[in-house]
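If you want the building blocks of each chain, they are given just below.
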Amino acid sequence: MAALESGTGAGGLALPAAVLGLLSAVAAEQPVLACVDDVDLLDDDSREVLSFVARRVSGERVALLFTAREGERAPEGVPAPEGARRVPGARVRASGGLEGLSRRTLGGRGEAPARTLGGLEGVPAQTLAGLDAAAVRELATDLAPGKVAEDLLAALDQIAHGNPLALAELIGALTPDQLAGVAAPPVTLPKGGRLWREHAGRLAALPAQAQRLLLLIAADPGLDLPTLIRAARPSCALTVLEPAERAGVLHSTGDRYDFRDPAMRGVVYYGASLLRRRSAHRLLASLLEAGTQADESQRLRRAWHRACALDGPAASLADDLAAAALDARPAHTHPEPYLALERAAELTDPHDPAKAERLAAAARYAWVAGRPQMARSLLARLRNLTAPDELRAHVQLLHGSLELLGGETGSAREELLAAATWLLESHRMLGVRALVRAADASYRAGDNRAFIAIARQAAALRRPDEPVPTQLMFEYLAGMASTFSGSHQEAAAPLRRVVELAGSVRDPAVLVWACVASMLLGEDATAHRLSARAIEAARARGAASAMPQLLEYMIYPEIWMGRYAAVATTAAQGLRLAQETGQLNTAAQHLAWLAITAAVEGDQETCRVRADAAIGLADAHDLGIAGAIGNWALAYLDLAAGRPADAANRLRAERRNSNHVVIRVMATPHFIEACARTGDHEAAGAALRVLERWVGSTRSPDLRALVSRCRALLAGPGESEELFREALDLHGQGVYEFEAARTRLLYGSALRRDRRPGAARTHLHSALETFERYGARLWTEQARTELRASGDPVRPALDATTGQLTAQQLQIARMVAEGATNKEVAEQLFLSRRTVEHHLRNIFSRLGIRSRVELVRLMS
């Protein structure tokens, strides 16, 4: 007791034992959690006491949680857990016997090997992971005066890297224009903020020579070690940078150095005086010139450093930098071309037309790189500059493209049509592309008349000597217009021509239209292959902005082929990328497709959450297609849950209020089934006639199988059996396994009602097996109900512990292992909390574990 009262001990175990005894006494009454921040800053005696106690509380209801900054006491070369986003400079140690401590607090995936950190020997340690996307969004909602756009939030998190304090300071410093999306997002932490001051203080404690080399590293992220060694002469760069490594400012990655905290780069660079920054750029330019005299791959880097150093006449520097940026490969350069073109524009005389051209080019490159807010801010700077009409048309094309994927579709169509009017005379291929994008805006809105009008306008412009990409675009417009007019036989020829021409096209934006043509021809495998080609081409070009839309078109054939696990993965990736790049219209479609996958799984609550979110975005942005998919998902859910009247009413209303032909056709088999089961044979027959006209223009056995199934549902008792058998024969020639199971369910049900239970059970068992493999809970229950009605003693459900985790279960398991709560998983994946809990129970059962702690250890 004396040791506790004085806080000191005369050496030995008196004080450590007293602290342990106090905690044990309190724990006898109630569980105890003791938290100690900045344990590395404590005196040696205090750390010895904490180490003693931490090693001896495992049998008590006591948990100790320590935090320490990685710095001079931290060992080097200890990586963060795989998949975790590190909050640099932070590490936690945990000890004790309290199960259920939030692993979100601890971050990471399981315990790191015991290390010496802050003097605490033998206590398990973990690197603290940064906030995930859902937590970042939640924090922004709490702190910002209004909604922070997803693309702006993504830009902020590139600086903060999940650090909540960094995010709070960045959000607090946003200007109204930045919040509105018309000014460029921040590039570094706000000067004067707590984190800036802390980082600046750590830098100031380093030797001057180390600070000089850190500025070089900050000025060129691609700086390799040989160049750095030449910059440090006569000193040794490795020796000079040792204090920065010991302080936790820097770490080595291969043949390069990088900052442990990405935010430190901005503090080093923007904290230096303009004179020091220019000197650093001048030195880098000279080193690159001397080291890579014949290396054209370094041309942009050299031109960038010379321009930043103002090492020559401004006009000459601007010309060299702009030329190098336009010749560079966007995916593998420093700096990114849009930054180089922006700098070139800044060095260009305001009265020189090249200034506007360079700003416009910078905006285009920023959009391609997935930086829509930067693109908008660059376009805004063009308003006060004199520019020729042709350039204005290019700017309008970009404006319309931005609006098409993130704004209101009617506005996008008008801008794109105006751009096409100018560009068709000066840059024909771009003009035709503007027309196709205007038609795409009509397609997304479900305005078939506008699409057909644009196609007619395009047809009058055709020439016999068009290059292949332009030919493909004209054929695409012609084929789609015929499809929307209901002339499917007439549409087949131009659509097949589109697919033929795609073989010699590499532009991902053009390949996507060939994917649509293949789908309308019923050639799903070809559509999937073309969409995969488009995605690979976009990746090779560094076209980040194209990825969400390209993934969207990959989903269509996956839906037809019943690859619902692939759809869920593709749509989740597309949704994340669409949100990060400010493409709300594309995000709405991915949400709607995720609602479809939830309907297939029979997850009613999640389906409604996702569909409602997609429909809300559709209503706000005039997106007929997203709304149509969302309503189809809800109708699909009704049908699976045994509510055919609700499904029929929902699809009937959708057909009245929306004119989106593609989704209407995709949903037609469900509409016919719902109408047939509720006795509305007139509506079902009219829909079937439309479906027959389209399917008759294709060569797909799977689509013909669906037509035969629909005919069977509307046929009399003596005719339906033959049609069901015909449908199953056609399914056997195709790949629609899930739809084949649905045909067997309907056929088995018809046989059971016809008092042929033995024949019915064969088909019902086959359907049940498929539904169980797909995890389609509601369809599984329908099959079981029919089997019970046929007199079959229904066998138990498949053992949940067999097999591997599904794609969605694996995604949830990883998120939980990285520290996400059920609420955060639900928000990020657009699931209900109840669904997350259901998946977690199945995950625990399949993996043979009982707690999140065990999951963390297993996933690590």
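My aim in this report is to walk through the structure given alongside it, one point at a time. Keep in mind it's a predicted model, so treat the numbers as computed, not measured.

Let us look at the overall build of the protein chain. Scanning the protein chain from terminus to terminus reveals 45 helices and 6 strands. Per-residue burial over the protein chain gives 56% buried out of 860 residues. Sequence separation of 24 or more characterises 65% of the internal contacts of the protein chain that already satisfy a separation of 6 or more. Total accessible area computed for the protein chain in this model is approximately 35800 Å², and 52% of it derives from carbon and sulfur atoms.

Turning our eyes to something else, we now look at the packing of aromatic side chains. Going through the model one piece at a time under the given rule, you end up with 16 aromatic pairs. Taking 5.8 Å as the distance between ring centres and 40° as the angle between the ring planes, the aromatic pair formed by Trp560 and Trp694 counts as tilted. In this pair, Trp560 is assigned in helix α29 (residues 547-560) and Trp694 in helix α36 (residues 681-695), connecting sequence segments 134 residues apart. Accessibility assignment for this pair places Trp560 and Trp694 in one class, buried. Relative to Trp632, the ring of Trp593 lies with its centre 6.3 Å away and its plane at 80°, an arrangement referred to as edge-to-face. Placement of Trp593 in helix α31 (residues 584-601) and of Trp632 in helix α33 (residues 624-640) is noted, with a sequence separation of 39 residues between them. For Trp593, a relative accessible area of 0% corresponds to the buried category.

Moving on to the side chain of Gln583. With respect to the helices and strands, Gln583 occurs in the loop between α30 (564-580) and α31. On the basis of relative accessible area, Gln583 is assigned to the buried category, the value being 1%. Once you skip the residues sitting within four places of it in the chain, Gln583 turns out to touch Trp367, Leu405, Gly406, Ser545, Pro548 and Ala578.

For the rest of this paragraph, the subject is the pattern of salt bridges. Tallying each qualifying case throughout the model produces 40 salt bridges. Among the ionic pairs, Glu138 bridges to Lys823, the shortest N-O distance being 3.4 Å. Of this pair, Glu138 sits in helix α5 (residues 133-143) while Lys823 is found in helix α43 (residues 822-829), placing the two residues 685 residues apart along the sequence. A relative accessible area of 32% places Glu138 in the partly exposed class. Arg652 is the salt-bridge partner of Asp680, the closest N and O atoms lying 2.9 Å from each other.

Before going further, it helps to spend a moment on helix α23 (residues 428-445). Here α23 is 18 residues long and its end C-alpha atoms lie 26 Å apart, about the 26 Å a rise of 1.5 Å per residue gives. Where α23 ends, the next residue or the one after it, Gly446, has phi of about 80°, a positive value.

Right, let's talk about the nonpolar core for a bit. Ranked by internal contacts, the top residues of the largest apolar core, which has 147 residues, are Tyr556, Trp593 and Trp632. Considering each element in turn, this core owes the most residues, 12 residues, to α33. Once residues lying within four places of it in the same chain are set aside, the contact partners of Trp632 are Ile559, Trp593, Ile596, Leu651, Ile663, Met666, Ala667 and His670. In terms of nonpolar packing, the next biggest core, distinct from the first, is built from 51 residues, Leu152, Leu167, Leu216 and Val249 among them.

In this structure, the second largest pocket occupies an estimated 1200 Å³ of space. Residue lining of the second largest pocket: 40 residues in total, with Arg364, Val368, Leu430, Arg433 and Arg437 positioned closest to the centre. Here the element with the most residues in the lining of the second largest pocket is helix α19 (residues 353-368); it accounts for 9 residues. Taken together, the residues that form the lining of the second largest pocket break down as 27 nonpolar, 5 polar and 8 charged.

Next up on the list: the environment of Leu288. Note on placement: Leu288 falls in helix α15 (residues 274-291). The exposure class of Leu288 is buried, given its relative accessible area of 4%. For the pair Leu288 and His305, spaced 17 residues apart in sequence, the C-alpha to C-alpha distance is 9.4 Å. If we ignore the near neighbours within four places in the chain, the residues touching Leu288 are Asp220, Gln298, Arg301, Arg302 and His305.

With respect to the helices and strands, the residue Arg709 is situated in helix α37 (residues 701-714). When its relative accessible area of 1% is taken as the criterion, Arg709 is described as buried. A polar contact of 3.0 Å, which involves the side chain of Arg709, links it to the side chain of Glu739.

Before going further, it helps to spend a moment on a positive patch on the surface. A surface patch of positive charge is lined by Arg506, Arg529, Arg533 and Arg541. Position of Arg533 relative to the elements: it lies in helix α28 (residues 524-541).

This part covers empty space enclosed by the protein. What the rule picks out here adds up to 5 cavities of 30 Å³ or more. The element best represented in the lining of the largest cavity is helix α35 (residues 661-678), accounting for 3 residues. The class makeup of the residues in the lining of the largest cavity is 10 nonpolar, 1 polar and 2 charged.

So, about unusual backbone geometry. In this structure, the amide linkage connecting Arg233 to the following residue, Pro234, adopts the cis form with an omega of 10°. Looking at where Pro234 falls in the secondary structure, it is placed in the loop between α11 (225-232) and α12 (237-240). The backbone phi angle of His161 is positive, close to 55°, even though this residue is not glycine. Mapped onto the elements of the fold, His161 is located in the loop between α6 (150-160) and α7 (164-172). Owing to a relative accessible area of 28%, His161 belongs among the partly exposed residues under this scheme. One non-glycine residue, Leu310, adopts positive backbone phi at about 50°. Among the structural elements, Leu310 can be located in the loop between α16 (299-309) and α17 (314-327). The exposure class assigned to Leu310 is partly exposed, which follows from its relative accessible area of 33%.

The terminal C-alpha atoms of helix α34 (residues 644-657) lie 20 Å apart, and with 14 residues this matches the ideal 20 Å at 1.5 Å per residue to within 8%. Of all the residues in α34, the buried ones are Pro644, Ala647, Ala648, Leu651 and Glu654. Each buried residue of α34 sits inside an arc of 130° when the element is viewed along its axis, so together they form one side. Facing away from the buried side of α34, by more than 90 degrees, are the exposed residues Arg656 and Asn657. Summarising the contacts, the buried residues of α34 are in contact with α33 and α35.

Inspection of the secondary structure puts Asp792 in the loop between α41 (777-789) and α42 (807-817). Sequence separation of Asp792 and Gly758 is 34 residues, and the distance between their C-alpha atoms is 9.0 Å. Not counting residues within four places of it along the chain, the set of residues in contact with Asp792 comprises Arg761, His765 and Leu787. Within polar-contact distance, the side chain of Asp792 engages the side chain of His765 at 2.7 Å.

Rules used throughout
Residues numbered from 1 in each chain as written. Predicted model: local features only at pLDDT ≥ 70, side-chain atom pairs only at ≥ 80, totals over all residues. Heavy atoms only, no water. Helix = DSSP H or I, 4+ residues; strand = E, 2+ residues; numbered from the N terminus. Buried < 20%, exposed > 50% of the residue type's maximum accessible area, 1.4 Å probe, protein only. Contact = heavy atoms within 4.5 Å. Areas by Shrake-Rupley, 256 points an atom, 1.4 Å probe, with all protein chains shown as cover. Phe/Tyr/Trp six-rings, centres within 6.5 Å; stacked < 30°, edge-to-face > 60°. Salt bridge = Lys/Arg side-chain N within 4 Å of Asp/Glu carboxyl O. Expected span 1.5 Å × (residues − 1). Core = buried A, V, L, I, M, F, W, Y, C linked by side-chain atoms within 4.5 Å. 1 Å grid on protein atoms, 1.4 Å probe; cavity = no way out; pocket = protein on both sides within 12 Å on 5 of 7 lines; lining within 4 Å. Points joined across faces, edges and corners; volume = space filled by probe spheres on them. Nonpolar A, V, L, I, M, F, W, Y, C, P; charged D, E, K, R; others polar. Polar contact = N/O pair within 3.5 Å; in protein donor to acceptor, adjacent residues only side chain to side chain. Patch = residues over 30% accessible without salt bridge, like charges linked within 9 Å, V, L, I, M, F, W, Y side chains within 5 Å. Lys, Arg positive; Asp, Glu negative; His and termini not counted. Charge placed at Lys NZ, Arg CZ, Asp CG, Glu CD. Arc of directions from axis to C-beta.

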